[in-house]
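Here is how the chains run, residue by residue.
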Protein chains: 2
Amino acid sequence: MTQQLLFTNDVAAHIQAVANDIKPNSTFILADDNTARCVLPELQSASALLARSTVITIPSGDISKNLESLAHVWKMLGDNGGTRSSLLINIGGGVITDLGAFAASTFKRGIPFINVPTTLLAAVDASVGGKTGINFNGLKNEIGVFNEAPFVIISTSFFKTLPAEEIRSGYAEMIKHALLTSDAEFEALTSRPADHHTPQELLTLLQRSVEVKRHIVTTDPTEKGPRRALNLGHTAGHAFETMAMGRRRPIPHGYAVAYGLIVTLILSHTILGLSTAPLYRLAGYISNNYGAFPITCYDYPQLLELMGHDKKNERTDRINFTLLRAIGSYECGVTVPAEEITAALDIYRDLLHL
Amino acid sequence: MTQQLLFTNDVAAHIQAVANDIKPNSTFILADDNTARCVLPELQSASALLARSTVITIPSGDISKNLESLAHVWKMLGDNGGTRSSLLINIGGGVITDLGAFAASTFKRGIPFINVPTTLLAAVDASVGGKTGINFNGLKNEIGVFNEAPFVIISTSFFKTLPAEEIRSGYAEMIKHALLTSDAEFEALTSRPADHHTPQELLTLLQRSVEVKRHIVTTDPTEKGPRRALNLGHTAGHAFETMAMGRRRPIPHGYAVAYGLIVTLILSHTILGLSTAPLYRLAGYISNNYGAFPITCYDYPQLLELMGHDKKNERTDRINFTLLRAIGSYECGVTVPAEEITAALDIYRDLLHL
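One structure accompanies this document, and this report is about it. (Residues numbered from 1 in each chain as written. Chains lettered and ligands numbered in written order. Predicted model: local features only at pLDDT ≥ 70, side-chain atom pairs only at ≥ 80, totals over all residues. Heavy atoms only, no water.)

## Section: the sheet that holds strand β1 (residues 4-7) of chain B
Residues and elements named next belong to chain B.
Move 1: Taken together, the six strands give an open sheet; going across it, the order is β1-β8-β5-β4-β2-β3, and neighbouring strands pair in parallel fashion. This sheet does not close on itself; its edge strands, each paired only once, are β1 and β3 (54-58). Across the sheet, the axes of successive neighbouring strands diverge by a mean angle of 20°, strand direction being ignored.
Move 2: Packing of helix α5 (residues 67-79) onto the sheet brings it into contact with β2 (27-32), β3 and β4 (87-92), and relative to β3 it is tilted by some 170°.
Move 3: Across the face of the sheet, helix α10 (residues 199-219) comes into contact with β1 and β8 (151-154) while running at roughly 165° to β1. (Pairing = 2+ DSSP bridges. Helix = DSSP H or I, 4+ residues; strand = E, 2+ residues; numbered from the N terminus. Axes fitted to C-alpha atoms, helices over the stretch in contact; angles between N-to-C directions. Contact = heavy atoms within 4.5 Å.)

Below, the structure is given as C-alpha cells:
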C-alpha cells in the first residue's frame, strides 16, 4: 500500500476524510496526557468522529516509551471493541507516533493507523520512514517493526505553541535532508532562523524535506543500504547527545545532530574533498542559532568510543560515517581512521571558537 | 525475500547450511523445557553451531504463549549479544514457532529466524504462513505480526516419539489441505490411518500438504481474501473446540477440525451441490480414526452462537463458511442461514451415529 502524506492546516477535516475512505468500525486516539489536554479538545470540537473516538493516554515523555505503555494501549484497544477494522490515530511527538504505530502494527496482527505529528521533529523525522517501536532493557528502540504509516497528516498549526528550542531541534533534521538534496534547499533553510518562517513557508519547506526522507526510505525500507544516508550527522551527533546526558546536561536531539553535521562536513572536506563553502555556511548558521556543544581535547577518547558503539556501526573497531562529496551527493559507510576524527574535532572547536 | 522450505531428515546439517549462507554473528535457540531436554542434545551433538548457540527456554504449553515469555526472549537476546545480524532458531511446536517468530520479527525491528517444527501440527500449519504472535488479555493470538519465516526446516524425525493422538491432530489439517487440492490427494490421505505411513511416506505427503498452504498464503499474505480457504472446517471446528473446553473435556485442535470438516462437507453438499461420495468417505474415515464429538440437539443454540463469534466472521449476525463445490474447488465467505446449519448438525449426528 502506498503511503498517503497529507500536508494541511485543517487536520480534523483530513482525519475525517481518511476515515470516510477506510470506514473503520471503531476509532481510537492515542495521545500523551499533555496533548490530550492541550490539543485534543480543539480537534474534537471540529470533528464528530474524533469526539466519539475512544481516547487512550499515556504519560508524556520518553520514559513512557516502554512495554508497560504498549501493553496498556493493546489492552485499551481490546477492551473497547477494537477489531482488525478499527483505526488508531496517533497524535503527538515521536514517542506517540513510534509507540502508537508499533501498537497498531501488532494488535490483531495489524490495524490501520494515522500518524499526526505535533512537533516539528516528529513531523520531519519520526512520522515517516516506518520505524516503530519502544525502548526496552535500557536500550532505545530495542523492540519494534518496520511498518510505514499508511497515513500521515502534517500540519504546522500545532507548532505555534512549541518553544523555539523545539522548533530548532526539528529544523536541524530538515537541514540534514537539505544537505542530502541540493545547494538551493540548503541555502533556503540556512537563510534565516528556524522560527522566522511563516507557518505557510515552513509547511512548504517541511513538505519538501519529508519528501526527501520518503524518497530515500522507499528505496531501502529496512535500512540495509542507501537509507544509511539519513544517518548523516548522527554518528558524531549521537556521541555528543550521550556525552551531554553523562554530564547531566542533556541537549535536544536536533541540537546534537546540528553539531554532528559540522563534524560530518569537516570529514567530508578532508576525506571526500567537499568544498569549504557549505562547511563555513553551516558552521556559522549553527553557531548563531544553536550555540556550540562544549568539548576539549580531553573529551576525544570518550567521543571516539561512543562513535564506535553507534548502533548503525557494524563493527566496533572501525567507525563508519555517511559523508558528502558535494551537497546532494553522499557516500555511506565510509570508514574513517581515529586520527582523522581527532583532527576533525580540532577543526570543530576552531570553527565554534571553543 | 522468498521463503526457503526444506524437507529433510538431517535437521542439524540443514540448519548449518542456512547459517553458512546468512553468516549470523551470533546464534540463539528457542525451545520449551521439554524440547530442550528431549530433542536438543541430539541436535547439538550433531552440530557445532547448535552446540555453541545460546539456548533460551520457556515452560512448555500454550500458557507460556504470553507477553512475559516474549519479554524474556527479547531480554535474553539483548543480554547475550543479539544484534540485527543474529539468528534465532525456533525448535518446537506451534507455541514456540509463533512466539519465537514474533520475538525475531520485533527484536531490533527484525532479525532472521528459522522455524523447526517438532510436531506434525506445527509442521503442517504453524511454521508456514507468517502468522506470528502471542495470546494477550485472555484472547488467542491477540498480538502479533504477519511475517513469513525466511527458513522452515521440516523433518518427520521428530514425530517418532509423538503420541498417536498428536499425529492424528496434525493429520486432520493435512486432510483439510487435501480437500482444497484434489481427489487423488484426499484419497491418498484417507487410505490409511495417520500413523500407518512410513516416515518417508509421511514426509512426502507433508511436503505436498505444506506446499498447498504456501501457495494459498502467497496469494494473500494478510488474510483479506483467498487465504480464508484455509479456514475450511474451522468455523464449526472452533465451535466444537470451545464447547469441549466449556465441558472441561478439551479435544486436540486437529480433532475439532476433523469434526468441523464433516459439517463443512455436509453444508457443501446441501448448499453448493458437492457430491456425497467425499462426504461419506470423510465421515467414515473420521469416525474410524477420531471417533465423534458428542452433541445433542440441545447443544445447537450454543454451537450457532459460537460459530457467529468466530474471529474470521466479519459480522456476528451472519455466519460465513468456506465451502467446496467439488474437491479442489472452494468458495469463501458463503453466508449460511441458521436453519441450514441446524439441518447439517442433524446429518452430522446421523453420520457419526450420535
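## A look at the interface of chain A and chain B
Interfaces are frequently sized by the accessible area removed from exposure as the parts join.
Move 1: Taken together, the contacts link 26 residues of chain A with 26 residues of chain B.
Move 2: Contact between chain A and chain B buries roughly 2400 Å² in total, counting both sides, with carbon and sulfur atoms accounting for 54%.
Move 3: It is W74(A), R109(A) and E142(A) that lose the most area in chain A upon contact with chain B, and together they represent 30% of the buried surface on that side.
Move 4: For the interface between chain A and chain B, the tally reads two salt bridges.
Move 5: A salt bridge links K108(A) to E142(B); its shortest N-O distance comes to 2.8 Å.
Move 6: In this structure, the connection of chain A to chain B is made through eight residue pairs in polar contact (both at pLDDT 80 or more).
Move 7: Counting only elements with at least two residues in the side of chain A that touches chain B, the list comes to α5 (67-79), α6 (94-106) and β7 (139-143) of chain A.
Move 8: For the side of chain A that touches chain B, the element with the most residues is α5(A), which contributes six residues. (Buried area = accessible area lost by both parts, 1.4 Å probe. Salt bridge = Lys/Arg side-chain N within 4 Å of Asp/Glu carboxyl O. Polar contact = N/O pair within 3.5 Å; in protein donor to acceptor, adjacent residues only side chain to side chain.)

## Some words on the sheet that holds strand β8 (residues 151-154) of chain A
All names here are of chain A.
Move 1: If you walk across this open sheet you meet the six strands as β1-β8-β5-β4-β2-β3, and the pairing is parallel. Single-partner strands in this sheet number two, and they are β1 (4-7) and β3 (54-58). Between one strand and the next, the sheet's axes are offset by a mean angle of 20°, whatever the strand orientation.
Move 2: Sheet topology places strand β2 (residues 26-32) next to β3; five bridges connect them, and they run parallel.

## A word on the packing of aromatic side chains
Move 1: Evaluated as defined, the whole model comprises 10 aromatic pairs over all chains.
Move 2: Taking 5.3 Å as the distance between ring centres and 45° as the angle between the ring planes, the aromatic pair formed by F240(A) and F293(A) counts as tilted. Highlighted residues: F240(A) in helix α11 (residues 234-246) and F293(A) in the loop between α13 (276-290) and α14 (300-308), separated in sequence by 53 residues. A single burial state applies to F240(A) and to F293(A), both of which are buried.
Move 3: Put simply, the rings of F240(A), Y259(A), F293(A) and Y348(A) pair up and form one aromatic cluster.
Move 4: Taking NZ or CZ as reference, R109(B) lies 5.8 Å from the ring centre of F146(A), over its face. (Phe/Tyr/Trp six-rings, centres within 6.5 Å; stacked < 30°, edge-to-face > 60°. Buried < 20%, exposed > 50% of the residue type's maximum accessible area, 1.4 Å probe, protein only. Lys NZ or Arg CZ within 6 Å of the ring centre and 35° of its normal.)

## Some details on the pattern of salt bridges
Residue and element names in this part refer to chain A.
Move 1: Within this structure, the stated rule accounts for 24 salt bridges over all chains.
Move 2: With its nearest N and O atoms 3.2 Å apart, the salt bridge here joins K213 to D125. Residue K213 is found in helix α10 (residues 199-219), and its partner D125 is found in helix α7 (residues 120-126); the two are separated by 88 residues along the sequence.
Move 3: Here K213 falls in the buried class, since its relative accessible area comes to 6%.
Move 4: With a closest N to O distance of 3.4 Å, R214 and E211 form a salt bridge. Taken together, the positions of R214 and E211, both in helix α10 and three residues apart, correspond to about one turn of that helix.

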